[in-house]
Amino acid sequence: MEKLPKINIIYEDNHLLVVEKPVSIPVQEDKSKDIDMIRLLKDYRIKNENKSGDAYIGLVHRLDRPVGGIMVFAKTSKAASRLNEQILKHEFVKKYYAVVKGIVPKTGNLKNYLYKDEQEVKSYVVNEKNGKLAELSYQRINEVNGNSLVDVSLKTGRHHQIRVQFASRGYPLCGDQRYGKSDKTQIALCAYKLEFIHPTTKQLMKFEIEKPLDTYWTDFTL
């Protein structure tokens, strides 16, 4: 029997589950049919709450399969709707650490239009005519061995956005085997911080995790 990954539950109440997604686990079922976060969290609720049937887990936002980090899932449809509304209004804060190849400028605001091109090996490309707006800001924290550790704030939430926007400027993420020069290591991208308004109590919720401690991350201190 396949050993299921252990999920770090950071926070839980009747409305929310805030968890740390392991690397290489898809957020929802894909063509690989590998175990995904939604199924794992449904099983967690069924076991933890002694449910006889299925359990609800609402998807609020996504992380790419190879990327680990902090996520929030809804335990009710009302909570999911209210959190999704915050995302649409840009009231939902998502921050990432990334290690990129090269020395990037100290700060930057990146704006592109990203387009999913089924004919390309790379799933998303910069296409100003047909793409959807993707925007982020970043700050370089430090630099080691020709690589930069950056703190990224998303203003939009497009698929592969961080990876494509940095790679298109000649700074691919270390370990990115799709948009960078493949080095067969784990991609150096981590979702480390979330801030949002609780869907029922209206309290400001803040959650943060430490950066990873392997591969490229070990070169950098915060």
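Note that the coordinates shown come from a computational prediction; the quantities given were computed from them, not determined experimentally.

*Asks:* Report on the nonpolar core, specifying residues and quantitative values.
*Replies:* Counting 32 residues, the largest nonpolar core has F73, V152, I162 and F166 as its most contacted members. The set of elements that each furnish at least two residues to this core consists of strand 2 (16-21), helix 1 (37-48), strand 4 (68-74), strand 5 (93-101), strand 8 (132-144), strand 9 (147-154), helix 3 (161-167) and strand 10 (189-197). Examining the composition of this core, we find that four residues originate from one element, helix 1, more than from any other. Excluding anything up to four places from it in sequence, I162 contacts Y96, L136, V152, L154, L173 and L189.

*Asks:* Tell me about the packing of aromatic side chains, and please be specific about residues and values.
*Replies:* For the coordinates displayed, the defined rule picks out five aromatic pairs. By the ring-pair criterion, three or more aromatic residues cluster together here, those being Y11, F92, F196 and F207.

*Asks:* How would you summarise the environment of I87 if you had to cite specific residues and measurements?
*Replies:* Secondary-structure assignment places I87 in helix 2 (residues 77-88). Using a relative accessible area of 24% as the deciding quantity, one classes I87 as partly exposed. Measuring from C-alpha to C-alpha, the distance between I87 and I9 comes to 22 Å, with 78 residues separating the pair along the chain. Apart from residues lying up to four places away in sequence, I87 is in contact with V60, H61 and F92.

*Asks:* Describe the layout of surface pockets, and please don't skip the residues or the numbers.
*Replies:* Over the atoms rolls a probe the size of a water molecule, and its path tells where empty space is left. Roughly 1700 Å³ of volume is contained in the largest pocket. R62, D64, R158, H159 and H160 are the residues nearest the centre of the largest pocket, which is lined by 47 residues in total. Those elements that place two or more of their residues in the lining of the largest pocket are helix 2, strand 5, strand 6 (107-116), strand 9 and helix 3. Roughly 280 Å³ of internal volume is contained in the second largest pocket.

*Asks:* Tell me about the pairing of strand 9, and please be specific about residues and values.
*Replies:* Among the eight residues that make up strand 9, seven are buried, leaving the element largely enclosed by the rest of the structure. Examined bridge by bridge, strand 5 and strand 9 share seven bridges and lie antiparallel to one another. Note on strand 9: the bridge partner recorded for K95 is S153. Across eight bridges, strand 8 lies against strand 9 in antiparallel orientation. If you follow V144 over to strand 9, its bridge partner there is N147. Here strand 8 folds back onto strand 9, and the loop between the two strands holds two residues, one of which, N145, carries a positive phi near 55°.

*Asks:* Before we move on, can you summarise helix 2 with the specific residues and values?
*Replies:* End to end, helix 2 covers 16 Å across 12 residues, agreeing with the expected 16 Å (1.5 Å per residue, within 8%). Residues of helix 2 that are buried: A79, A80, L83 and Q86. All buried residues of helix 2 project into a common sector of 120° when viewed along the axis, lining one side. Facing away from the buried side of helix 2 by more than 90 degrees, the exposed set consists of S77, K78 and L88. Looking at the buried side of helix 2, the elements it contacts are strand 2, strand 3 (58-59), strand 4 and strand 10. Directly beyond the C-terminal end of helix 2, a positive phi value near 60° is found at H90.

What counts and how
Residues numbered from 1 in each chain as written. Predicted model: local features only at pLDDT ≥ 70, side-chain atom pairs only at ≥ 80, totals over all residues. Heavy atoms only, no water. Core = buried A, V, L, I, M, F, W, Y, C linked by side-chain atoms within 4.5 Å. Buried < 20%, exposed > 50% of the residue type's maximum accessible area, 1.4 Å probe, protein only. Helix = DSSP H or I, 4+ residues; strand = E, 2+ residues; numbered from the N terminus. Contact = heavy atoms within 4.5 Å. Phe/Tyr/Trp six-rings, centres within 6.5 Å; stacked < 30°, edge-to-face > 60°. 1 Å grid on protein atoms, 1.4 Å probe; cavity = no way out; pocket = protein on both sides within 12 Å on 5 of 7 lines; lining within 4 Å. Points joined across faces, edges and corners; volume = space filled by probe spheres on them. Pairing = 2+ DSSP bridges. Expected span 1.5 Å × (residues − 1). Arc of directions from axis to C-beta.

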